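Chain by chain, the residues run as shown.
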Amino acid sequence: MKKCEIQSLTKIHSLKLGFTYCYLLECTGGYLLIDTSYPQLYSKFKKKLARLGIAISNIKYLLITHHHDDHAGFASQLMTDTGCTLITHRNAVPPLKQGKSEDTAKYLNRRVQVTMKFFEVFMHGNEWIYPPLTLMGDEIILEGDDKSILPEIGINGVILHTPGHSDTRDSLAVLLSDGRAFVGDLAMNFLWWTGLRHRPLAIGDINSIYGSWQKLCEHGAKVIYPSHGKCFPSAELTA
Ligand SMILES: [Zn+2]
């Protein structure tokens with residue numbers, strides 16, 4: 001068994017779409033998808049689903065960990081095509097309706113800033129926008145932690161409010177009872193040369209990030225599944 005694998009009841013699939021890992025969790029009658037990647041990767045997503053033998057109509061829920069474009073990119077298209085139910089934090093709703101990432105969060109350090117300048121050129125001036133979401137009123141909009149929704153849809157776990165990465169404080173994490181935690185951008189596991197040490201590239205508030213790391217660990221997180229980079233043991237989350 002690899003160091004970050006855990007025996008579990010809930011079956012998951014990780015889908016790498018560009019720089020973003022999206023996760024499919026089996027739930028009652030289908031799947032909960034955690035995050036979407038950029039809008040232009042929707043067809044790649046559908047191909048990966050087909051390879052797994054999963055019909056797109058089997059995606060019943062979409063949890064968006066926070067409103068950034070590499071997490072909500074093809075959410076609008078997916079919701080239209082599947083009628084899946086959106087789960088997100090209240091603070092994510094205004095930017096999701098606009099289809100635009102905030103531009104107020106700061107890069108962690110100078111090395112990250114330089115790296116991201118190259119990335120912006122590579123993205124051809126993408127202004128961190130995506131097709132806006134149209135909400136119909138049947139979405140599940142959370143104010144904070146939630147312990148009932150996941151069990152109601154057959155997933156043994158909780159949703160935790162884990163602010164710090166975005167200025168809007170809209171970040172959510174899914175923590176399964178076996179200790180696997182899907183954290184969006186609250187922690188990362190790539191670009192080590194920039195000195196991230198699992199911290200996100202962009203920071204809303206660094207103390208909130210450390211506080212959310214601690215909260216996850218206190219609630220039993222053992223393995224962190226970030227949106228950027230591979231899973232790693234939660235013991236590596238140290239300020
Ligand atoms: Zn983000």
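Position labels on residues start from 1 in each chain and follow its written sequence. Side-chain atom pairs in this predicted model are given and counted only at pLDDT of 80 or more, local residue features only at pLDDT of at least 70, and totals for whole chains, interfaces and linings cover all residues. Side-chain measures here rest on the full set of heavy atoms in the structure, leaving out hydrogens and waters.

## So, a positive patch on the surface
Consideration 1: Residues Lys16, Lys44, Lys47, Arg51 and Lys230 make up a contiguous surface patch of positive charge.
Consideration 2: Each helix is a run of DSSP H or I of at least 4 residues and each strand a run of E of at least 2, with the numbering of both proceeding from the N terminus. When residues in the positive patch are grouped by element, the largest group, three residues, is from helix H1 (residues 42-52).
Consideration 3: Looking at the secondary structure, you find Arg51 in helix H1.
Consideration 4: With relative accessibility at 68%, the residue Arg51 sits in the exposed group. Residues with no salt bridge and a relative accessible area higher than 30% make up the patches, which join like charges within 9 Å and nonpolar side chains (Val, Leu, Ile, Met, Phe, Trp, Tyr) within 5 Å. Note on areas: Shrake-Rupley with a 1.4 Å probe; residue coverage comes only from the protein chains shown. We define a salt bridge as a side-chain nitrogen of Lys or Arg found within 4 Å of a carboxyl oxygen belonging to Asp or Glu. Two residue types count as positive, namely Lys and Arg, and two as negative, namely Asp and Glu; His and chain ends fall outside the count. All charge positions are set by atom: Lys at NZ, Arg at CZ, Asp at CG, Glu at CD. The rule is simple: take the accessible area with a 1.4 Å probe, protein chains only, and divide by the maximum for that residue type; under 20% is buried, over 50% is exposed, in between is partly exposed.

## Details of the coordination of the zinc ion
Consideration 1: At this site the zinc ion is bound by His66 (NE2), His68 (ND1), His165 (NE2) and Asp185 (OD), with donor distances of 2.1 to 2.3 Å.
Consideration 2: Geometry at the zinc ion is irregular, judged from the four donor atoms that bind it and their angles of 92 to 166° at the metal.
Consideration 3: By relative accessible area, His68 is classed as buried at 8%.
Consideration 4: Of the residues examined, His165 reaches a relative accessible area of 3% and is grouped as buried. Metal-coordinating donors are taken as N, O and S atoms lying within 2.8 Å of the metal, or within 3.2 Å when the metal is Na, K or Ca; because water is left out, some sites can appear incomplete. Each label reflects the angles at the metal, where four donors whose angles all fall between 85 and 135 degrees are tetrahedral, four or six donors whose opposite pairs open beyond 155 degrees and whose other angles stay between 65 and 115 are square planar or octahedral respectively, and the rest are irregular.

## Some details on the packing of aromatic side chains
The geometry of two aromatic rings is summed up by the distance between their centres and the angle between their planes.
Consideration 1: Only the six-membered ring of Trp is used, alongside the rings of Phe and Tyr, when aromatic pairs are assigned; centres must lie within 6.5 Å, and planes under 30 degrees apart are stacked while those over 60 apart are edge-to-face, with the rest tilted. Summed over the entire model, instances satisfying the criterion amount to eight aromatic pairs.
Consideration 2: Measuring from ring centre to ring centre gives 6.4 Å for Tyr21 and Tyr23, while their planes differ by 10°; the resulting arrangement is stacked. The pair Tyr21 / Tyr23 is uniform in exposure class, with both members buried.
Consideration 3: Their ring planes at 35° and their centres at 5.0 Å tell us that Phe45 and Phe74 sit as a pair that is tilted. Within this pair, whereas Phe45 is found in helix H1, its partner Phe74 is found in the loop between helix H2 (69-72) and helix H3 (75-82), the two being separated by 29 residues in sequence.
Consideration 4: Members of the aromatic cluster, joined through ring pairs, are Tyr21, Tyr23, Phe182 and Tyr225.

## A few points about the layout of surface pockets
Consideration 1: Estimated volume of the largest pocket: approximately 550 Å³.
Consideration 2: Tyr107, Met116, Phe119, Trp128 and Leu201 are the residues nearest the centre of the largest pocket, which is lined by 23 residues in total.
Consideration 3: Elements with a contribution of two residues or more to the lining of the largest pocket: H2 and helix H5 (110-122).
Consideration 4: Element by element, the count of residues in the lining of the largest pocket is highest for H5, at three residues. Within this scheme a cavity is a closed region of a 1 Å grid, computed over the protein atoms alone, that accommodates a 1.4 Å probe without allowing it to escape, whereas a pocket is open but has protein on both sides within 12 Å along at least five of seven lines; lining residues each have an atom within 4 Å of a point. Grid points are joined across faces, edges and corners, and a volume is the space filled by probe spheres set on the points.

On their own, these measurements won't tell you what the molecule is for.
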